[in-house]
Protein chains: 4
Amino acid sequence: MAVGASVQHEIDQLYLDLETSDLQPLWTQGPALQPFQPAPRTKAWMWEWETLVALAQRAGKLITIDRGGDRRVLSMVNPGLGGLPFITPTLWGAIQYLNGHEQAPGHRHTAGAVRFVLQGEGTWTTVNGDAIDMSPGDLILTPSWHWHDHTNESDDAMVWFDGLDLPLVYMLEAGFFEPYPVEELQPVRGHNLSEKLYGNGTAPIGPEERDVTAPLLVYRYTHSDRRLSALVEMGGGPLVGIEFLNPLTGSNAIPTFSNEMYRLVPGSRTMPVRKVGNSVFLVFKGSGTSIVDGKRFDWRQGDVFVAPSWAAVEHEASEQADLFVISDRPIMQALGIFRSETLDDHQEEVSTFSGHDS
Amino acid sequence: MAVGASVQHEIDQLYLDLETSDLQPLWTQGPALQPFQPAPRTKAWMWEWETLVALAQRAGKLITIDRGGDRRVLSMVNPGLGGLPFITPTLWGAIQYLNGHEQAPGHRHTAGAVRFVLQGEGTWTTVNGDAIDMSPGDLILTPSWHWHDHTNESDDAMVWFDGLDLPLVYMLEAGFFEPYPVEELQPVRGHNLSEKLYGNGTAPIGPEERDVTAPLLVYRYTHSDRRLSALVEMGGGPLVGIEFLNPLTGSNAIPTFSNEMYRLVPGSRTMPVRKVGNSVFLVFKGSGTSIVDGKRFDWRQGDVFVAPSWAAVEHEASEQADLFVISDRPIMQALGIFRSETLDDHQEEVSTFSGHDS
Amino acid sequence: MAVGASVQHEIDQLYLDLETSDLQPLWTQGPALQPFQPAPRTKAWMWEWETLVALAQRAGKLITIDRGGDRRVLSMVNPGLGGLPFITPTLWGAIQYLNGHEQAPGHRHTAGAVRFVLQGEGTWTTVNGDAIDMSPGDLILTPSWHWHDHTNESDDAMVWFDGLDLPLVYMLEAGFFEPYPVEELQPVRGHNLSEKLYGNGTAPIGPEERDVTAPLLVYRYTHSDRRLSALVEMGGGPLVGIEFLNPLTGSNAIPTFSNEMYRLVPGSRTMPVRKVGNSVFLVFKGSGTSIVDGKRFDWRQGDVFVAPSWAAVEHEASEQADLFVISDRPIMQALGIFRSETLDDHQEEVSTFSGHDS
Amino acid sequence: MAVGASVQHEIDQLYLDLETSDLQPLWTQGPALQPFQPAPRTKAWMWEWETLVALAQRAGKLITIDRGGDRRVLSMVNPGLGGLPFITPTLWGAIQYLNGHEQAPGHRHTAGAVRFVLQGEGTWTTVNGDAIDMSPGDLILTPSWHWHDHTNESDDAMVWFDGLDLPLVYMLEAGFFEPYPVEELQPVRGHNLSEKLYGNGTAPIGPEERDVTAPLLVYRYTHSDRRLSALVEMGGGPLVGIEFLNPLTGSNAIPTFSNEMYRLVPGSRTMPVRKVGNSVFLVFKGSGTSIVDGKRFDWRQGDVFVAPSWAAVEHEASEQADLFVISDRPIMQALGIFRSETLDDHQEEVSTFSGHDS
């Protein structure tokens, strides 16, 4: 409909006055705010282990822990998120590097974290006084507002993946931070205490109140491996998986993001699945290929890649592979807005990930 | 510690290589990411009714519903949020204006919404076939993914406040949207059905599955007023309040944001309280003053103001006042990161809100 | 298989020795302990209003409250339960009678109770200081371990039905009892306070902790009637129903037994349904017929009848009827052992209830 | 107050008429129905292993499984419960005996059961197709309405303790029973499947719906022993304990009764504790003494004893002892009527249990 000049002038003046009054008309906004289906700014992306570990080693030589603040951490920057050091809108993904005989001092923060160990032995993370020994494939929790510090007593460097909900907490404007008072490190009450008390369906009875939010602080790869083997033996398809849960509630180990491990068996490709929520995949063992919205990712041990919300994702192992995965699905489920669907046909591959924006 | 020139060169080269590899060092980032306590970008801000209604009336004359997309909505823009039409990082606050004998067509979206009626009668919002009559002070829900349209059968314009979790859904990259198929409006099964079936602690028994997520779609001001009067009579202080809940679960009427109504009685000022999470206050009746982190807001009927996360907030009515309030506290509580505290002393007022950034 | 005499002797001796040792062999016990389907000792039974009220009136003249302990209560004795004053294995059903200007003194006990008012006005039950006015058709809660007393300020007698979980608490050996200290009656904080604060999906916000176990202590017949009328208008069949719930949790108003009201519309018979758990029906209004496992019950206003666990039950109103119903279904559901099924054909009536054991 | 003869006559007549009308006056009933504190009919009692095993062995020789119905079970009869084969009002306690190369055929029932293994190896219990190998100290679940049968492939007899909620289900008139159709034994899908999939805080992800009610069907003594040792090392007093929980919900492994294991360390006596609910103690290892409401029980390996509701209970080990304990506390907690208290002083011992009613 053509609008007369004088009406158009009034409309223009209205738009100017709205802006001055800190208002915006809904009707001039495009579909970006409410697309027909999720249209993520987050990009499907990959970081290769070779690059990650080489840069971490260089940082290990050049940057001391005290120079670098509390931690020697390289955070992965999703190129779709405007330069913020976030791997997805709600998740932080990073490589942390601790030289032999180094320590990272104690602190606590609102953001909850997990550590998935990639390389090294002889290190522990102390969480509220419980010194948790770390080995490759282990998952260690440092839940929201729990004191934590790291100690490497071995001669060799330690490398692990850090997963945090820091971007979510940042967006919610809800974050607190506190350095550990008095000393750099917490006193150690014992080693692997939570592991001694919880698991296998039992819990201590006692006068003290249980920490229901995080009774079990470590999930060992030896257990994960055994569960995944059993699932493969029991006839799981090309992909089987387990999730890491709070044994006193059955809900996610960390309330804000899921922690899962998949085992991929070579021989066939999974059907494409899409889910609401962004996912981060860390290759712990093996190699293979994933297709994310038509983009092909060839991955090997130590690589990290991202599948954005509602992207179709399919996987195929070239050799048996274990993938550790975090996603913000628990938030979607808590808010009642999670959806997923399996597509009927495999995707056509339209490009291969090259590390450059397509 | 001074660093030699060649080491500095290596460090500089490391930083360049990190950037090329889509990585950022944690140690060079300031405290913005993890401040000692919440440091919101969201600003304490106010929109005055006089301005809101005048602009809405001009839009009512100039913009037809079909020209303006589905809705004639003026969304409030918090000046701290980079120009996005969001009143807080997770909440959408807007004025919606519907002329006499106008209709706004049906659609549904992932974002959940509430409508708080400010002016007019003779209008209903149809939610999944239930036509809910709207009167000033009533709260009407259009929960996530429920079909909804609006019909004004009166001769006069209708004005209400829209509260949505759209910014949250947008940030989570989780939003779907769908126009109502076939016709513009849904067929009406009846008027105020949910109100006839739920409330007063009873629920129908029957073969059909209950809609546990949103059994009751409207909360009448007549009830709210009676509850608030009873609380004042029972000796509540300068401020009493009620929350609007799902009567089948006792949790928030909308899972992502709280809906509350406060009654302020003149004569004394509330003690300053700060809470994690952003809050939006809509003055339904009366007038008074609020101090938010030292900034003074003098408000009257129809005004809308924002208190950012962890800001100290105190209120004093100059005449008895009813404030409708939404906040993202339920998200904080679901994630286990809510905190609040009451301060011992009243704040010093350092400025008065003028509508210009201080 | 024939057993030789000497073996039989040894077996006999074994049985004697077992008895001496406080042991019983499982294999000699019949199917009573574990029948193929529930085989209740509880009998389908009815108490007629005419009888109930005449006996209550006689008690009202002959028995003073102080003579009769704390209460003038006639408890219904299901003839299948060995003489215990229980209407079903878990439920207590009784008529309570309070003369004009009488009071029943305060006490509290582990057993939870409801009062469903049959006759009279001008009486209140005070529950933890909240004086709840009672009118016919109202449901008043006196939950577990809440102080309660009754005051009749009118000139006329008051009659109500008492429903308690006392038999369950007795069987569990879990019961405590305490008379109200100091005075006979509690001080009254106000009338109908819970009703002023809860209902319609709202709850007070405040410094005091909410009584989540029983926020709302009364459910008015005016509301029940309106809900049932709406359900009938919306096309419910010969039977519609509502349940009385805790508005802060959506679970049963009393944790141990359900409280429901059915409205029966004349014209057709409901299909036979059987449920695990015993049910007690109190006719508040109207008249009709129910068939319980082939036994016919013709009921009128004020009658009380019992349907045992897993009995097929069908109803037909001869005039519009409202039935108040309590059952121990919540226990079955909490334990995961509830079942129900609707049968395809109406039952054959094999007998009519006569008040004498068949 | 003296009552005149004619009034007394009317009262007598009232009582007669009440009885004829299946009614009882509340005011003539003593405090048995509502005592000031629990007054259990259940007696503190003990069954000695020597007696139990000798009688079970005699039954093993004299009674074939087919002669004895499905099971060779000796149920413990609490002398306070009127001759019913119940160890407490809600719990069944029994010894089950399976000769070498015997099988007990499949069936299922509403009552839920646990098996705590006392003696033997080479036997499994198949639960819904999962063949669970049994060793001393292991706890095996056969939850409500799960198919189960037992197979002893060894040359030696197997003895275990059966704990069931059968008395509760019987009282609730809620029990169903079904023999396994077609064959005596279920087909075995595999051995120890639930154990391979659950425990240590992980759960499989998959298309099949999880059995949330009973994901984990066996709790090994090797784990229990390790947890109890850790608790003793961490400075637990004379008594430490663990409970056996559903790892997907954190609630009791069986909804109707708790399953716990205590370790008692010699050297001091526990303070007397009383709890609402009846408890059954099974001595798995060691020896010691318990005082239950002043009655002394000296126990050794294999003995079973009962502590009634609200009885004061204290324990002292003469050598390190492990006690497996079941109680109906979960029911009390579900109904909101659980209480417990620790007394300040040790009880005076007034008698020693002799096996004869005192």
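Residues numbered from 1 in each chain as written. Chains lettered and ligands numbered in written order. Predicted model: local features only at pLDDT ≥ 70, side-chain atom pairs only at ≥ 80, totals over all residues. Heavy atoms only, no water.

1. Brief notes about the overall build of chain A
We count it as follows: Numbering goes from the N terminus for both helices and strands, where a helix is a DSSP run of H or I of at least four residues and a strand is a run of E of at least two. Computation of the radius of gyration draws on C-alpha atoms alone. For the globule rule, the value is 2.2 Å times the number of residues to the power 0.38. Each residue's exposure class comes from its accessible area (1.4 Å probe, protein chains only) as a fraction of the maximum for that residue type: buried when under 20%, exposed when over 50%, partly exposed otherwise. Contacts: residue pairs with any heavy atoms within 4.5 Å of one another. The Shrake-Rupley method, run with a 1.4 Å probe, gives the accessible areas here. Residue values count only the displayed protein chains as cover. In summary, the charge assignment counts Lys and Arg as positive and Asp and Glu as negative, without counting His or the chain termini. A charged residue contributes its charge at one atom only: NZ of Lys, CZ of Arg, CG of Asp or CD of Glu.
Regarding its fold elements, chain A presents 6 helices and 24 strands. For chain A, whose C-alpha radius of gyration is 23 Å, the value lies close to the compact-globule estimate of 21 Å for 358 residues. Principal axes of the C-alpha set define a box for chain A whose edges measure 80 × 55 × 50 Å. A burial count over chain A gives 60% of its 358 residues as buried. Residue pairs at least 24 apart in sequence account for 75% of intrachain contacts in chain A once pairs closer than 6 positions are excluded. Element-wise, carbon and sulfur atoms account for 50% of the exposed surface of chain A, whose accessible area totals about 13400 Å². Charged side chains of chain A number 25 positive and 46 negative; the gap between the two group centres comes to 4 Å.

2. Quick word on the relation of the copies chain B and chain C
Between the two copies of the chain lies a relationship made up of a rotation around an axis and a movement along it. Worth spelling out the cut-off: When the copies are superposed, the least-squares fit draws on C-alpha atoms of residues that have pLDDT of at least 70 in both.
The operation relating chain B to chain C is a screw motion whose rotation component is 180 degrees, with 0.0 Å of axial translation and a residual RMSD of 0.0 Å. Within this description, the copies of the chain are treated as partners about a two-fold rotation axis. Comparing contact sets, 100% of the residues at the interface of chain B also lie at the interface in chain C, consistent with an isologous, same-surface contact.

3. Re the side chain of B:His107
Residue and element names in this part refer to chain B. Heads up, the condition is: The definition of a polar contact used here is a pair of N or O atoms within 3.5 Å, where within protein one atom must be able to donate a hydrogen and the other to accept one, and adjacent residues in sequence count solely through side-chain atom pairs.
Among the secondary structure elements, His107 is positioned in strand E5 (residues 103-109). Here His107 falls in the buried class, since its relative accessible area comes to 5%. Separated by 3.2 Å, the side chains of His107 and Arg71 make a polar contact. Apart from the residues lying within four places of it in its own chain, the contact partners of His107 are Asp70, Arg71, His146, Trp147, His148, Phe177, Glu178, Pro179 and Tyr180.

4. Let's talk about helix H2 (residues 49-62) of chain C
Basically, it comes down to this: In a helix, the anticipated span is given by 1.5 Å times the number of residues less one.
The end-to-end C-alpha separation of H2(C) is 20 Å, in line with the 20 Å expected for 14 residues at 1.5 Å each. Along H2(C), the residues classified as buried are C:Trp49, C:Leu52, C:Val53, C:Leu55, C:Ala56, C:Ala59, C:Gly60 and C:Leu62.

5. Side note on the relation of the copies chain C and chain D
When chain C is fitted to chain D, the best match, at an RMSD of 0.0 Å, comes from turning it 180 degrees and sliding it 0.0 Å along the axis. Take the interface residues of chain C: 100% of them recur as interface residues in chain D, which is what a same-surface contact looks like.

6. Quick word on the pairing of strand E21 (residues 304-307) of chain C
All names here are of chain C. Defined as follows: We treat two strands as partners when DSSP finds at least two bridges between them.
Here E21 shows no split at all, with Val304 and Val306 on one side and Phe305 and Ala307 on the other all buried. Where strand E2 (residues 45-47) meets E21, 3 bridges bridge the pair, whose relative direction is antiparallel. If you follow Trp47 over to E21, its bridge partner there is Val304. Here strand E19 (residues 279-292) runs beside E21; their pairing, made up of 4 bridges, is antiparallel. Looking across to E21, one finds that Leu282 is bridged to Val304.

7. A few points about the interface of chain C and chain D
Counted only if it meets this: Here the quantity called buried area is the accessible surface, traced with a 1.4 Å probe, that two parts lose on coming together, added over both. A pairing counts as a salt bridge when a side-chain nitrogen of Lys or Arg comes within 4 Å of a carboxyl oxygen of Asp or Glu.
In this assembly, 84 residues from chain C lie in contact with 84 residues from chain D. Carbon and sulfur atoms supply 66% of the area buried between chain C and chain D, which totals about 7200 Å² over both sides. If you sort the residues of chain C by the area they bury against chain D, C:Trp27, C:Glu173 and C:Phe176 come out on top, with a joint share of 12%. With a shortest N-O distance of 3.5 Å, C:Arg41 and D:Glu173 are connected by a salt bridge. Our count for the contact surface shared by chain C and chain D stands at 28 residue pairs in polar contact (both at pLDDT 80 or more). Of all the secondary-structure elements, those providing two or more residues to the side of chain C that touches chain D are helix H1 (5-20), strand E1 (23-25), E2, H2, strand E3 (73-76), helix H3 (166-172), strand E12 (177-179) and helix H6 (329-334) of chain C. The biggest single contributor to the side of chain C that touches chain D is H1(C), with 8 residues. In the sheet, E1(C) pairs with strand E3 (residues 73-76) of chain D via 3 bridges, with the strands oriented antiparallel. If you follow C:Pro25 over to E3(D), its bridge partner there is D:Leu74.

8. Some points on the interface of chain B and chain C
Here is the rule we go by: Each residue gets one label: Ala, Val, Leu, Ile, Met, Phe, Trp, Tyr, Cys and Pro are nonpolar, Asp, Glu, Lys and Arg are charged, and the others, such as Gly, are polar.
Counting residues at the interface gives 32 residues for chain B and 32 residues for chain C. Interface area, chain B with chain C, both sides summed: about 2700 Å², of which 58% is carbon and sulfur. In terms of surface lost to chain C, no three residues of chain B exceed B:Asn200, B:Ile205 and B:Arg227, which account for 25% of the buried area on that side. Inspection of the chain B/chain C interface yields 0 salt bridges. Linking chain B with chain C are 20 residue pairs in polar contact (both at pLDDT 80 or more). Secondary structure elements with two or more residues in the side of chain B that touches chain C: helix H4 (193-197), strand E14 (202-205), helix H5 (221-233), strand E16 (239-244) and strand E17 (258-264) of chain B. Of the residues assigned to the side of chain B that touches chain C, the class counts are 17 nonpolar, 9 polar and 6 charged. Note: E14(B) against strand E16 (residues 239-244) of chain C, 4 bridges, orientation antiparallel. Bridge assignment links B:Thr202 to a residue of E16(C), and that residue is C:Phe244.

9. Quick look at the packing of helix H1 (residues 5-20) of chain A against helix H2 (residues 49-62) of chain B
Heads up, the rule is: Axis geometry follows a simple rule: fit a line to the C-alpha atoms, using only the stretch in contact for helices, then measure angles between N-to-C directions, giving values from 0 to 180 degrees. Oblique is the label for every angle not falling under 35 degrees (roughly parallel), over 145 degrees (roughly antiparallel), or within 65 to 115 degrees (roughly perpendicular). Should the near helix be turned anticlockwise from the far one by less than a right angle, the crossing is termed left-handed; should it be turned clockwise, right-handed.
Running from N to C, H1(A) and H2(B) point in directions that differ by 150 degrees, and their axes come no closer than 11 Å. On the basis of the axis angle, H1(A) is roughly antiparallel to H2(B). Judged by the sense of rotation from one axis to the other, the crossing of H1(A) with H2(B) is left-handed. The segment H1(A) lies against H2(B), with A:Val7, A:Glu10, A:Ile11, A:Gln13, A:Leu14, A:Asp17 and A:Leu18 engaging B:Leu55, B:Arg58, B:Ala59 and B:Leu62.

10. What about the sheet that holds strand E10 (residues 148-152) of chain D?
Residue and element names in this part refer to chain D. In space, the 6 strands of this open sheet follow the order E12-E5-E10-E7-E8-E13, with mixed pairing throughout. Looking at the sheet topology across the chains shown, the edges are occupied by strand E12 (177-179) and strand E13 (190-191). Summarising the sheet, strand E7 (residues 123-127) and E10 pair through 5 bridges and their orientation is antiparallel. Directly across from Trp124, in E10, lies its bridge partner Thr151.

11. Section: the nonpolar core
The criterion, for reference: Nonpolar cores are built from buried Ala, Val, Leu, Ile, Met, Phe, Trp, Tyr and Cys residues. Side-chain atoms within 4.5 Å join them into one set.
Formed by 170 residues in total, the largest nonpolar core has its most connected members in B:Phe161, B:Phe324, C:Phe161 and C:Phe324. Contact partners of B:Phe324, with chain neighbours within four places excluded, come to B:Val114, B:Phe116, B:Leu139, B:Phe161, B:Phe244, B:Asn259, B:Glu260, B:Met261, B:Val280, B:Phe281 and B:Leu282. One finds A:Ala203, A:Val306, A:Val313 and D:Trp47 within the second-largest nonpolar core, a separate group that totals 168 residues.

12. Concerning the pattern of salt bridges
Residue and element names in this part refer to chain D. Applying the stated criterion across every chain yields a total of 72 salt bridges over all chains. Between Glu178 and Arg108 there is a salt bridge; the shortest N-O distance is 2.8 Å. Of this pair, Glu178 sits in strand E12 while Arg108 sits in strand E5 (residues 103-109); the two residues are 70 residues apart in sequence, bridging distant segments of the chain. Take Glu178: its relative accessible area is 27%, and that puts it in the partly exposed class.

13. Points about H1(C)
Convention followed: Regarding the arc, it is the one traced by the directions from the helix axis to the C-beta atoms.
Helix length check: H1(C), at 16 residues, gives a terminal C-alpha distance of 23 Å against a target of 22 Å (1.5 Å per residue), a fit within 8%. Within H1(C) the residues assigned to the buried category are C:Ile11, C:Leu14 and C:Leu18. Relative to the axis of H1(C), the buried residues are bounded by an arc of 55 degrees and lie together on one face. Along H1(C), the residues that are exposed and aim more than 90 degrees away from the buried face are C:Ala5, C:Ser6, C:His9, C:Glu19 and C:Thr20. Among the structural elements, E1 of chain C together with helix H2 (49-62) and E3 of chain D are those in contact with the buried residues of H1(C).

14. What about the confidence of the model for chain A?
Low pLDDT means the predicted coordinates in that region are not meant to be read closely. Convention followed: Every residue is assigned a pLDDT by the predictor, reflecting its confidence on a scale from 0 to 100.
Per-residue confidence for chain A gives a mean pLDDT of 93, with 96% of residues at or over 70. Scored as a whole, the predicted complex attains pTM 0.95, and scored at its interfaces, ipTM 0.94.

15. Regarding the packing of aromatic side chains
Two descriptors summarise a pair of aromatic rings, namely the distance from one centre to the other and the angle between the planes of the rings. Which entries qualify depends on this criterion: Any two rings among Phe, Tyr and Trp, with Trp reduced to its six-membered ring, count as a pair given centres within 6.5 Å; such a pair is stacked if its planes are under 30 degrees apart, edge-to-face if over 60, and tilted if neither. Placement of a positive charge over a ring is assigned whenever Lys NZ or Arg CZ falls within 6 Å of the ring centre and within 35 degrees of the normal to the ring plane.
Tallied over the full model, the rule gives 65 aromatic pairs over all chains. Aromatic side chains A:Phe116 and A:Phe284 sit 5.4 Å apart centroid to centroid with 85 degrees between the ring planes, which places their arrangement in the edge-to-face category. Of the two residues, A:Phe116 sits in strand E6 (residues 113-119) while A:Phe284 sits in strand E19 (residues 279-292), which places them 168 residues apart along the sequence. Seen from their ring centres, D:Phe297 and D:Phe353 are 5.0 Å apart, and the 20 degrees between their planes marks the pair as stacked. Residue D:Phe297 is located in strand E20 (residues 295-299), and its partner D:Phe353 is located in the segment after strand E24 (351-352); the two are separated by 56 residues in the primary sequence. Side by side, D:Phe297 and D:Phe353 carry an identical accessibility label, which is buried. Joined through ring pairs, the aromatic side chains of A:Trp45, A:Tyr262, A:Phe281, A:Phe297, A:Trp299, A:Phe305 and A:Phe353 make up one cluster. Lying across the ring of C:Trp145, D:Arg339 places its NZ or CZ 4.3 Å from the centre.

16. Some words on the sheet that holds strand E10 (residues 148-152) of chain C
Residue and element names in this part refer to chain C. Within the open sheet, the 6 strands sit side by side as E12-E5-E10-E7-E8-E13. Their pairing is mixed. Pairing within the sheet leaves two strands with one partner each, and these edge strands are E12 and strand E13 (190-191). One ladder, built from 5 bridges, connects strand E7 (residues 123-127) with strand E8 (residues 130-134); its direction is antiparallel. The residue of E8 that forms the bridge with Val127 is Asp130.

17. Points about the environment of B:Ala312
Relative to the helices and strands, B:Ala312 resides in the loop between strand E21 (304-307) and strand E22 (313-327). Sequence-distant contacts of B:Ala312, that is, excluding residues within four places in its chain, are made with B:Pro272, B:Val273, B:Arg274, B:Ile291, B:Val292, B:Asp293, B:Leu343 and B:Gln347.

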